[in-house]
Amino acid sequence: MVLDVKRIINTPGGRIPFDFTEDFSDVDFGGVCPAVRPVSVVGQAENIAGMLRLQFDLTTTLSAVCDRCGAPFDLPYKVPFECLLAEELEENDNDDILLLDNGTVDLSELARETFILNMPSKTLCREDCRGLCSGCGVNLNYEKCRCKKEVDPRLAALAKLLEQ
Ligand SMILES: [Zn+2]
Ligand SMILES: [Zn+2]
């Protein structure tokens, strides 16, 4: 989706809303492609007193894998994006200014970059996920650890004495 903003460049108050979906199911994070559902891109380009502002939200539900217990779960994802658009950079260029390409901006590309940059680096199925036991491997959220408790050697000696 390429947005043409030429008709509002010189029109303060001008506004171009947009609402479309992108497919980012090929975006791979360490062997996992979490964007199994379409990602919606909803926003607008707006001329505010001569300044062109672009704003949108990326929304989807990711298919994530818990970093602690390995369980798959649905992770609601919503990331806002905002920048200014300009036909050319002023002297003191600013990171928040995006250059227009012949009066247009490639929203698909921008949405993809934004999606990649804002991928959560750590995903937990729940805040207090207890993870897997490093000994027996059970999911501690649902089961009790099956590891044999290490017996204190002094108690073991005592137990032996009592047995006799
Ligand atoms: Zn978990
Ligand atoms: Zn265990």
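Analysis parameters
- Residues numbered from 1 in each chain as written.
- Chains lettered and ligands numbered in written order.
- Predicted model: local features only at pLDDT ≥ 70, side-chain atom pairs only at ≥ 80, totals over all residues.
- Heavy atoms only, no water.
- Donors = N, O, S within 2.8 Å, 3.2 Å for Na, K, Ca; no water.
- Tetrahedral: all angles 85-135°; square planar, octahedral: opposite > 155°, others 65-115°.
- Helix = DSSP H or I, 4+ residues; strand = E, 2+ residues; numbered from the N terminus.
- Contact = heavy atoms within 4.5 Å.
- Patch = residues over 30% accessible without salt bridge, like charges linked within 9 Å, V, L, I, M, F, W, Y side chains within 5 Å.
- Areas by Shrake-Rupley, 256 points an atom, 1.4 Å probe, with all protein chains shown as cover.
- Salt bridge = Lys/Arg side-chain N within 4 Å of Asp/Glu carboxyl O.

A.B. asks: Now, about the coordination of the zinc ion (ligand 2): what can you tell me, with residues and values included?
C.D. replies: Geometry reference: four tetrahedral donors at a metal, ideal angle 109.5 degrees. Six octahedral donors, ideal angles 90 or 180 degrees. Coordination of the zinc ion (ligand 2) by the protein is provided by Cys133 (SG), Cys136 (SG), Cys145 (SG) and Cys147 (SG), with metal-donor distances spanning 2.2 to 2.4 Å. For the zinc ion (ligand 2), the four donor atoms in the first shell make angles of 97 to 116° at the metal, so the coordination geometry reads as tetrahedral. If you list the donors of the zinc ion (ligand 2) from N- to C-terminus, the spacing comes out as C-x2-C-x8-C-x1-C. Of this pair, Cys133 sits in the loop between α2 (107-117) and α3 (153-163) while Cys145 sits in the loop between α2 and α3, and the two are 12 residues apart along the sequence.

A.B. asks: Describe the coordination of the zinc ion (ligand 1), naming the residues involved and giving the relevant values.
C.D. replies: Bound to the zinc ion (ligand 1) on the protein side are Cys66 (SG), Cys69 (SG), Cys125 (SG) and Cys129 (SG), at distances that span 2.2 to 2.4 Å. Taken together, the four donor atoms coordinating the zinc ion (ligand 1) span angles of 106 to 112° at the metal, a pattern that classifies the geometry as tetrahedral.

A.B. asks: So what about the environment of Leu100? Which residues, and what values?
C.D. replies: Residue placement: Leu100 occurs in the loop between β6 (97-99) and β7 (104-106). Linking Leu100 and Glu88, residues 12 residues apart in sequence, is a C-alpha distance of 7.6 Å. For Leu100, the contacting residues outside a window of four places in its chain are Val5, Ile9, Leu52, Leu85, Ala86, Glu87 and Val105.

A.B. asks: Can you lay out a nonpolar patch on the surface for me, pointing to particular residues and giving the numbers?
C.D. replies: A contiguous nonpolar surface patch, about 450 Å² in accessible area, is contributed by Leu155, Leu158, Leu161 and Leu162. Within the secondary structure, Leu162 sits in helix α3.

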